[in-house]
Amino acid sequence: MSKLIAPSILAADFGNLQRDVEMVNNSDADWFHIDIMDGVFVPNISYGMPVLKAITKHAKKTIDVHLMIIDPDRYIQTFADLGADILTVHYEACTHLHRTIQAIKAAGMKAGVALNPHTPIAVLEDIINDIDLVLIMSVNPGFGGQSFIENTYKKIQQLKNLIEFSETDTLIEVDGGVTDQNANKLIEVGADALVAGSFVFKSEDPTATIANLKSIIN
Ligand code: DX5
Ligand code: ZN
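Described in the following lines is the structure provided in the data block. These figures come from a predicted structure and were not determined experimentally.

## A word on the site of ligand 1
The environment of ligand 1 is made up of 20 residues, and the closest members are Asp35, Gly142, Asp175, Gly197 and Ser198. One nitrogen or oxygen atom from the side chain of His66 is found 3.2 Å from an oxygen atom belonging to ligand 1. Here an oxygen atom of ligand 1 and a backbone polar atom of Gly142 are 2.7 Å apart. Considered on its own, ligand 1 offers 380 Å² of accessible surface; in the complex 98% of this is hidden by protein. Considering only residue class, the shell around ligand 1 consists of eight nonpolar, 10 polar and two charged.

## Description of the nonpolar core
One finds Ile9, Ile34, Val65, Phe79, Leu159, Leu186 and Leu194 to be the most contacted residues of the largest nonpolar core, which totals 63 residues. Once residues lying within four places of it in the same chain are set aside, the contact partners of Ile9 are Phe14, Leu17, Phe32, His33, Ile34, Tyr47, Ile55 and Phe201.

## Thoughts on the coordination of the zinc ion (ligand 2)
Coordination of the zinc ion (ligand 2) by the protein involves His33 (NE2), Asp35 (OD), His66 (ND1) and Asp175 (OD), with metal-donor separations of 2.0 to 2.3 Å. Classification of the site at the zinc ion (ligand 2) rests on its six donor atoms, whose angles at the metal span 70 to 168°, yielding the label octahedral.

Calculation notes
Residues numbered from 1 in each chain as written. Chains lettered and ligands numbered in written order. Predicted model: local features only at pLDDT ≥ 70, side-chain atom pairs only at ≥ 80, totals over all residues. Heavy atoms only, no water. Near = heavy atom within 4 Å. Polar contact = N/O pair within 3.5 Å; in protein donor to acceptor, adjacent residues only side chain to side chain. Areas by Shrake-Rupley, 256 points an atom, 1.4 Å probe, with all protein chains shown as cover. Nonpolar A, V, L, I, M, F, W, Y, C, P; charged D, E, K, R; others polar. Core = buried A, V, L, I, M, F, W, Y, C linked by side-chain atoms within 4.5 Å. Buried < 20%, exposed > 50% of the residue type's maximum accessible area, 1.4 Å probe, protein only. Contact = heavy atoms within 4.5 Å. Donors = N, O, S within 2.8 Å, 3.2 Å for Na, K, Ca; no water. Tetrahedral: all angles 85-135°; square planar, octahedral: opposite > 155°, others 65-115°.

Laid out in C-alpha cells, this is it:
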C-alpha cells in the first residue's frame, strides 16, 4: 500500500477555507486530518461541527477526525453523520476504550486510538486487534507548529512489532512536527500515514509541498 499524507486543516486559512480544501482535493494528499479540541482535554479550542460541515461539503477525500476531547462517546454518532470516515479518540480520554471502539465501528467508521507522547505502546496490547489505526502523537496535542519529539521513532518501532506479533493490519499514523526532514525516517521505522499541518499550509506552495512529501515517502 502506498504511504499516505494527511494535511491538517488546523493550519489552513479559515478565511479561505474552501480554497484550501480544494487545494487538498487537487493535490497528491490522501486524507483530510481534522483536529477537534475541547479546551479541557487539551489547552486549546480548535473548531467544531459547523466548520467540519463546511469542510466536508467540499472535501473529496477520506475525512480523518482526531478527537482531542473528554468523553468522546457523546459525539460518535454526530461525527458519523458529519461524514467522518475515520474517528480517532485518545487513549487518555477513554475509561471504557473497548466500548468506545465498538461504538465507532457500529456507527460505520474506522476506529483509531491516539497516544500522547508519554503514553507507552504497551497499553494497546489488549486492544490492537480491534482497532484500524493508531495515531502516535509526536508533539503534545493542542497546537500546530510545535517541534517533533525524537522518542517517536522508538515508539513507532515498538508499535510495528506489536502489530506484526498480533497479526493485524492496523495502520500507524504520526501527528505533529512532520517535515521533509523526518518524513522518510518515520516511514522507514514503520509509519503508514503522516499528518502535516504547518509544514504544508505555511509553505509558499502547499500543493508542491504535499507532492514533495508524497514523493519522499513512496
Ligand atoms: C496537534 C494536532 C496536529 C497538528 C499538527 O494537537 O493534533 O494534527 O495540527 O500540526 P503540525 O504539523 O503543525 O505540527
Ligand atoms: Zn491531529
